[in-house]
Amino acid sequence: MIDYQKLADLPSVDGLLKHDRIEKLVVDSPKKVKATIQDILKSYREAYLSGEITELPREEEIINQILKQQEEKNEYSLKEVINATGTIVHTNLGRSPLSLKVKEQLEKSAFSYTNLEYNLETGERGSRYQHLEEVVKKLTGAEDVVVVNNNAAAVMLALSTLIPQKEVLISRGELVEIGGSFRIPEVIELSGGVIREVGTTNKTHLKDYEKGINEETGAIMKVHTSNYRVIGFTESPSIEELADLAHKNNLPIINDLGSGLLIDMQSFGLPYEPTIQESLKQGCDVVMFSGDKLLGGPQVGVIIGKKEYIEPMKSNQLLRALRVDKLTLSALEATLNLYLEPEIALKEIPTLSMISKTYEVCLEEAKGLELSLRQAELPIIIERITEKSQVGGGSYPEYQLPTELVGIKSETISVNQLAMLLRGLEKPIIPRIKNDRIWFDVRTLNQKEREMIVCELKKILDV
Ligand SMILES: *Cc1c(COP(=O)(O)O)cnc(C)c1O
């Protein structure tokens, strides 16, 4: 039996809007809240009329539902996550988190006008790249700099400016694909350049480059094989030799370094990787690298080198499409500034501090996490093992950092279910999943995040 009086007794939209628990929400988003209330009341009315429910909810219940739905509506799609995978430059998780030291600078430029393209000395129009000139010169010795959206864009801009319609000499062993979608040959073609492959996959000699030079040649290009190695019988001329050859023929030598390393990480037990400064010293005229790989800054492609080559890039129309905004520039300038004191950079730039975290520190942190989990007395099996973390982002492909993992397995729900619950948290936790266990790699976790993992597992598993 439908009791129409019951329907009439449902609270009204206006009444709910004025309720003191709802009023606060209404101030921020009146339209959204009203729509939520209307939806909820409508669904109750329909459910009652169709006989799906026989009792209508009380006002308190409806209000709780409004608050819950409103909270869900306010959740953003792009959000903070906890990276427990141990992969430091994790492309799917946004590569490098910025240093907190960058925050103040970033906030200042975000919420205010800036001298982005205004020269404060002359009172005239300035260049947005001028803000980086000094710090780049100090750190690398480069004469000039230009910044674009990412390193793929940097390669495009450099080639489209320097060798339009001309040939670029590149070793067959360096025609690589990086990160699934960045293919050197395709980017060169898009930029209007013509690829002239020299040598073979494993061996390329100086004389191969020499033979490749003709009147159509526009540049010699080196591509750092960031994400793979050709091992065994391999050969390629040194950058110095190539630079000599290029300069004898009045050609520029361009080097795509990929990961922009400013500090030699060999003292932290990592294998040799060319640094940006070194590449310039070896005679490269133009060097480009990503901002969000080993540099630990925002997503950008930085192009540095000789003024005669960088200056024309600034007037290439393509730059108008590839240019970065003030937030990015501000974050980049602040990150680079940290490098003026290398010890500070190692400590304050998360990517660097995670790379340089020793195994001993990882072990201690993992023991701490294990202990907290045991003390929580949850229905889980807990273990701890020595494993390897990846640097990620296609850097250091054949080297992995020793680390310690804490693994758990629930006695009540499956590993996949648990992983799904962790992903569904307000601040999702992304672990490794292997051998029917959920693993937390402490290398990419800080103290607060380790505590949050324990706290969230308590909420999920403690019944
Ligand atoms: C990563 C990489 C790129 C692409 O850089 P993005 O910043 O991701 O566009 C290009 N070249 C090399 C050698 C790389 O390692």
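Worth saying up front: this structure is predicted, and the values here are computed from it rather than measured.

## Some thoughts on the UniProt feature "modified residue: N6-(pyridoxal phosphate)lysine" (unreviewed entry) in the protein chain
Line of reasoning, step 1. UniProt feature "modified residue: N6-(pyridoxal phosphate)lysine" (unreviewed entry): in the numbering of this structure it lies at Lys293.
Line of reasoning, step 2. Mapped onto the fold, Lys293 is located in the loop between strand E11 (286–290) and strand E12 (301–305).
Line of reasoning, step 3. Here Lys293 falls in the buried class, since its relative accessible area comes to 5%.
Line of reasoning, step 4. Once residues lying within four places of it in the same chain are set aside, the contact partners of Lys293 are Val89, Arg95, Ser96, Ile178, Gly258, Ser259, Thr351 and Gly393.

## Comments concerning the sheet that holds E11
Line of reasoning, step 1. The sheet built from seven strands is open, its strands ordered E4-E12-E11-E10-E9-E5-E8 with mixed pairing. Of all the strands in the sheet, the pair left with one neighbour each is strand E4 (144–148) and strand E8 (194–198). Averaged over all adjacent pairs, the angle separating strand axes in this sheet is 25°, with direction ignored.
Line of reasoning, step 2. In terms of strand pairing, E4 meets E12 through five bridges, oriented antiparallel. Bridged to Val148 within E12 is Gly301.

## Quick word on the packing of helix H7 (residues 130–140) against helix H15 (residues 326–338)
Line of reasoning, step 1. Where H7 meets H15, the axes come as close as 10 Å, and the angle between the chain directions of the two elements is 25°. Here H15 runs roughly parallel to H7, going by the angle between their axes. The two elements H7 and H15 cross, and the hand of that crossing is left-handed. Together, His131, Leu132, Val135, Val136 and Leu139 of H7 and Leu329, Leu332, Glu333, Leu336 and Asn337 of H15 make up the contact between the two elements.
Line of reasoning, step 2. Broken down by class, the residue content of the contact of H7 with H15 amounts to seven nonpolar, two polar and one charged.

## Re the nonpolar core
Line of reasoning, step 1. Membership of the largest hydrophobic core comes to 74 residues, with the highest contact counts inside it found for Met221 and Ile304.
Line of reasoning, step 2. Among the elements that take part in this core, helix H8 (residues 151–162) stands out by supplying eight residues, more than any other.
Line of reasoning, step 3. In this structure, this core is formed jointly by two domains, domain 2 (82–89 + 355–461) and domain 3 (97–348), each of which donates at least three residues.
Line of reasoning, step 4. Beyond its immediate stretch of four places on either side in the chain, Ile304 contacts Val136, Thr140, Ala142, Asp144, Val145, Ile276, Leu280, Asp285, Val286, Val287, Phe289 and Ile310.
Line of reasoning, step 5. The next biggest cluster of nonpolar side chains, apart from the first, holds 26 residues, and it includes Ala84, Cys362, Val415 and Leu461.

## Re the side chain of Thr140
Line of reasoning, step 1. Mapping Thr140 onto the fold places it in helix H7.
Line of reasoning, step 2. A polar atom in the side chain of Thr140 sits 3.0 Å from the backbone nitrogen of Ala142.
Line of reasoning, step 3. Sequence-distant contacts of Thr140, defined by excluding residues within four places in its chain, comprise Leu262, Ile276, Gln277, Leu280 and Ile304.

## Quick word on the pairing of E12
Line of reasoning, step 1. Within E12, five of the five residues are buried, which leaves it mostly tucked inside the rest of the structure.
Line of reasoning, step 2. Residues Gly301, Ile303 and Gly305 point to one face of E12 and Val302 and Ile304 to the other, with burial holding for every one of them.
Line of reasoning, step 3. As judged from the five bridges shared by E11 and E12, these two strands associate in the antiparallel manner. Each bridged residue has a counterpart across the sheet, and for Phe289 the counterpart in E12 is Val302.

## With respect to the pattern of salt bridges
Side chains that differ in charge, positive against negative, can pair when their charged atoms come close.
Line of reasoning, step 1. Evaluation of the coordinates by the stated rule reveals 31 salt bridges.
Line of reasoning, step 2. We note a salt bridge from Glu365 to Arg450, for which the minimum N-O separation is 3.4 Å. Note that Glu365 is positioned in helix H18 (residues 359–375) and Arg450 in helix H20 (residues 447–461), a separation of 85 residues in sequence.
Line of reasoning, step 3. Judged by its relative accessible area of 16%, Glu365 falls in the buried class.
Line of reasoning, step 4. Residues joined by salt bridges that share partners form a network here, namely Glu133, Asp144, Lys307, Glu311 and Lys314.

## Digging into the layout of surface pockets
Line of reasoning, step 1. Each pocket or cavity is described by its volume, and for the largest pocket that value is around 1500 Å³.
Line of reasoning, step 2. Elements supplying a minimum of two residues to the lining of the largest pocket: strand E1 (82–83), helix H6 (103–110), helix H16 (342–348), helix H17 (350–355) and H20.
Line of reasoning, step 3. Grouping the amino acids of the lining of the largest pocket by side-chain chemistry returns 16 nonpolar, 10 polar and 12 charged.
Line of reasoning, step 4. Inspection of the lining of the largest pocket shows a minimum of three residues originating in each of domain 2 (82–89 + 355–461) and domain 3 (97–348).

## Some thoughts on empty space enclosed by the protein
Line of reasoning, step 1. Per the stated rule, a full pass over the model turns up one cavity of 30 Å³ or more.
Line of reasoning, step 2. The space that makes up the largest cavity amounts to roughly 40 Å³.
Line of reasoning, step 3. Looking at which element gives the most residues to the lining of the largest cavity, the answer is H7, with three residues.
Line of reasoning, step 4. Of the residues assigned to the lining of the largest cavity, the class counts are six nonpolar, one polar and no charged.

## Observations concerning the sheet that holds strand E14 (residues 401–410)
Line of reasoning, step 1. The strand order across the open sheet formed by four strands is E13-E14-E17-E16, and the pairing between neighbours is antiparallel. Edge positions in the sheet fall to strand E13 (380–389) and strand E16 (432–434), since each has one partner strand and no second. Neighbour-to-neighbour, the strand axes of the sheet open up by a mean angle of 30°, direction not taken into account.
Line of reasoning, step 2. Bridge count for E13 against E14 is 10 bridges, and the pairing is antiparallel. Bridge pairing links Ile382 to Ile408 in E14.
Line of reasoning, step 3. Against the sheet, H18 makes contact with E13, E14 and strand E17 (437–441), and its axis sits at roughly 10° relative to E14, the strand it touches most.

Procedures and definitions
Residues numbered from 1 in each chain as written. Predicted model: local features only at pLDDT ≥ 70, side-chain atom pairs only at ≥ 80, totals over all residues. Heavy atoms only, no water. UniProt positions renumbered as here; feature names shortened; annotations may be inferred. Helix = DSSP H or I, 4+ residues; strand = E, 2+ residues; numbered from the N terminus. Buried < 20%, exposed > 50% of the residue type's maximum accessible area, 1.4 Å probe, protein only. Contact = heavy atoms within 4.5 Å. Pairing = 2+ DSSP bridges. Axes fitted to C-alpha atoms, helices over the stretch in contact; angles between N-to-C directions. Parallel < 35°, antiparallel > 145°, perpendicular 65-115°, else oblique. Left-handed = near helix turned anticlockwise from the far one by under 90°. Nonpolar A, V, L, I, M, F, W, Y, C, P; charged D, E, K, R; others polar. Core = buried A, V, L, I, M, F, W, Y, C linked by side-chain atoms within 4.5 Å. Domains from an automatic or database assignment. Polar contact = N/O pair within 3.5 Å; in protein donor to acceptor, adjacent residues only side chain to side chain. Salt bridge = Lys/Arg side-chain N within 4 Å of Asp/Glu carboxyl O. 1 Å grid on protein atoms, 1.4 Å probe; cavity = no way out; pocket = protein on both sides within 12 Å on 5 of 7 lines; lining within 4 Å. Points joined across faces, edges and corners; volume = space filled by probe spheres on them.

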